[in-house]
Amino acid sequence: MYIHIFVCMKIEEEIKQKRFDSEYAKLIVNIIFTGNWINLKTSEILKKENLTLQQYNILRILRGQYPAPASVNMLIERMLDKMSNASRIVDKLEVKELAERKINPDDKRFADVLITEKGLNVLKVLDEKIKETEKNILHLNKTEVKLINDLLDKLRG
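Residues numbered from 1 in each chain as written. Predicted model: local features only at pLDDT ≥ 70, side-chain atom pairs only at ≥ 80, totals over all residues. Heavy atoms only, no water.

1. Topic: the overall build of the chain
At step 1: Summing up its helical and strand segments, the chain has 7 helices and 2 strands in all.
At step 2: Beginning at the N terminus, the succession of helices and strands in the chain can be written as α-α-α-α-α-β-β-α-α.
At step 3: Overall, the C-alpha framework of the chain stretches about 60 × 40 × 25 Å when taken along its three principal axes.
At step 4: Of all 157 residues assigned to the chain, the portion counted as buried reaches 27%.
At step 5: Summarising the internal contacts of the chain: among those between residues at least 6 apart in sequence, 48% fall at separations of at least 24. (Helix = DSSP H or I, 4+ residues; strand = E, 2+ residues; numbered from the N terminus. Buried < 20%, exposed > 50% of the residue type's maximum accessible area, 1.4 Å probe, protein only. Contact = heavy atoms within 4.5 Å.)

In structure tokens:
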């Protein structure tokens, strides 16, 4: 029989704060802290492929559109980090040959952005690494994960 044991560290211990004004205040701090923790773990994986979280996000959006192109405006709408400069991120992905821009044939003022074969291959490698890390860092069963997803959706609702 296999028993999985993990240490659960409470937010109070993580940030060395004994009490919060309310459970709501604690929840907000806990969500921000946990989001940053997940970003750090993901960034460590992406760093090995010389990618940022924002570049990874754009590549995933482009893969979801593939083989259809995406506009920069579409990328902005779908990005997780709304403060990012999508156009500049696409520029960096072009330099790395992970994405390419083509003039839109219907409207020359706009460019279509496409993921390249190299970009698709990089995502394939990252998918495996991210899935493995998810198993290692998330000590939750599928029911718990669904509950958290539902509660976070409700929170934003």
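2. Focus: helix H5 (residues 86-95)
At step 1: Among all positions of H5, only Ala86, Ile89, Val90 and Leu93 are buried. Summarising the axial view, the buried residues of H5 lie within an arc of 100°, below the 170-degree limit, and thus occupy one face.
At step 2: Contacts made by the buried residues of H5 are with helix H3 (53-65), helix H4 (72-78), strand E1 (99-103) and strand E2 (111-115).
At step 3: Between the side-chain oxygen at the start of H5 and the backbone nitrogen of Ser87 there is a gap of 3.2 Å, and the oxygen is on Asn85.
At step 4: Glu97 lies just past H5 and shows a positive phi near 60°. (Arc of directions from axis to C-beta. Polar contact = N/O pair within 3.5 Å; in protein donor to acceptor, adjacent residues only side chain to side chain.)

3. So, the side chain of Asp127
At step 1: With respect to the helices and strands, the residue Asp127 is situated in helix H6 (residues 117-137).
At step 2: The residues contacting Asp127, other than those within four sequence positions of it, are Tyr56 and Arg63.

4. Comments concerning the pattern of salt bridges
At step 1: All chains considered together, the criterion is met by 8 salt bridges.
At step 2: Between Glu100 and Lys102 there is a salt bridge, with the nearest N and O atoms lying 3.7 Å from each other.
At step 3: For Lys102, a relative accessible area of 44% corresponds to the partly exposed category.
At step 4: With a shortest N-O distance of 2.9 Å, Lys146 and Asp150 are connected by a salt bridge. (Salt bridge = Lys/Arg side-chain N within 4 Å of Asp/Glu carboxyl O.)

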